[in-house]
Amino acid sequence: MGTSTGVPPIVLTIAGSDSGGGAGIQADIKTFSAFGVYGASVITALTAQNTVGVQGVHGAPPDFIAAQFDSVCSDLSVASAKIGMLATVDVIEVVAEKLQEHALARVVLDPVMVAKSGDRLLAPDAREALVEKLFPLAEVVTPNTEEARDILESGEIENLAQMKYAVRALHERGAKCVLLKGGHITDGAVDIFFDGEIEVALEGRRVDTPHTHGTGCTLSSAIAAGLAQGESTIEAVKRAKDFIQGAIENALDIGNGRGPLNHMYRRRVEQSS
């Protein structure tokens, strides 16, 4: 679905780097390639990370994050953007400023707060800045239930009724559309999408595997890819969820902890058919 000249849509990922390759910028670029879009990046932090956990985080200075934005957006026509790890208030503020300065639309916000390993990636004092500065700029926000609970300062979200309440509460905080990920709550791996009017329950197949590293990054990147290709938000969400299903079902058992998704599973399926 590229342009008439054959150039694919360009999607910008604004996120941290995962040295183990399973999440963050690395997962985003792999996802963009799988969807046939061109990926550019603004790296917000370097992490020393593997399948076991996060051993270190080195944040990029805000002025260098701004420089990356300017380099990309002064040269490339960005069709959509995905936001991942933003560790501090200063980083959130510069990202919000640059999104508006460069008039970037079709933004997908994955509010990365805690890694799958349990390591916290967002400073506690940055939560409100994330909501106030970035929720209004995003086409869709994609928290999991733990992130939603953190944002809303609520109790546990443990069933579908509580998920449905949470998506409305998140929408009231300024999110245009919300995709609340509840894959671990029910046997059907149900996510709830809400755009202020329509609520859609998206059910998947539960996969019994610990190898889910990079799931949130991959899902938000897949949504951004669909938006760049002209899909509606709900269409992009549905296609992204289908991709995630296959990537988890073909996840890679590598390393000593939670292995990553297989972003290349479609190629393997095509080769075996």
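Residues numbered from 1 in each chain as written. Predicted model: local features only at pLDDT ≥ 70, side-chain atom pairs only at ≥ 80, totals over all residues. Heavy atoms only, no water.

Peer 1: Explanation requested: the packing of aromatic side chains in the structure shown.
Peer 2: Think of a pair of aromatic rings as described by two things: how far the centres are apart, and how the planes are tilted against each other in angle. For the structure on display, the rule yields two aromatic pairs. With a centroid separation of 5.1 Å and an interplanar angle of 70 degrees, the aromatic rings of F35 and F243 are classed as edge-to-face. Taken together, the residues F35 in helix 1 (residues 24-35) and F243 in helix 8 (residues 233-249) connect sequence positions 208 residues apart. Like F243, F35 is buried. (Phe/Tyr/Trp six-rings, centres within 6.5 Å; stacked < 30°, edge-to-face > 60°. Helix = DSSP H or I, 4+ residues; strand = E, 2+ residues; numbered from the N terminus. Buried < 20%, exposed > 50% of the residue type's maximum accessible area, 1.4 Å probe, protein only.)

Peer 1: Teacher, can you tell me more about the side chain of T31 here?
Peer 2: By the element assignment, T31 lies in helix 1. For T31, a relative accessible area of 0% corresponds to the buried category. Within polar-contact distance, the side chain of T31 engages the backbone oxygen of A27 at 2.8 Å. Contacts of T31, omitting those with residues within four sequence positions, involve T218, S221, A222, F243 and H263. (Polar contact = N/O pair within 3.5 Å; in protein donor to acceptor, adjacent residues only side chain to side chain. Contact = heavy atoms within 4.5 Å.)

Peer 1: Before we go on, may I ask you to explain the environment of R258 in this structure?
Peer 2: Tracing the backbone shows R258 in the loop between helix 8 and helix 9 (265-272). For R258, a relative accessible area of 35% corresponds to the partly exposed category. The spatial distance from the C-alpha of R258 to the C-alpha of G214 is 9.6 Å, given a sequence separation of 44 residues. One polar contact links the side chain of R258 to the main-chain carbonyl oxygen of P210, over a distance of 3.5 Å.

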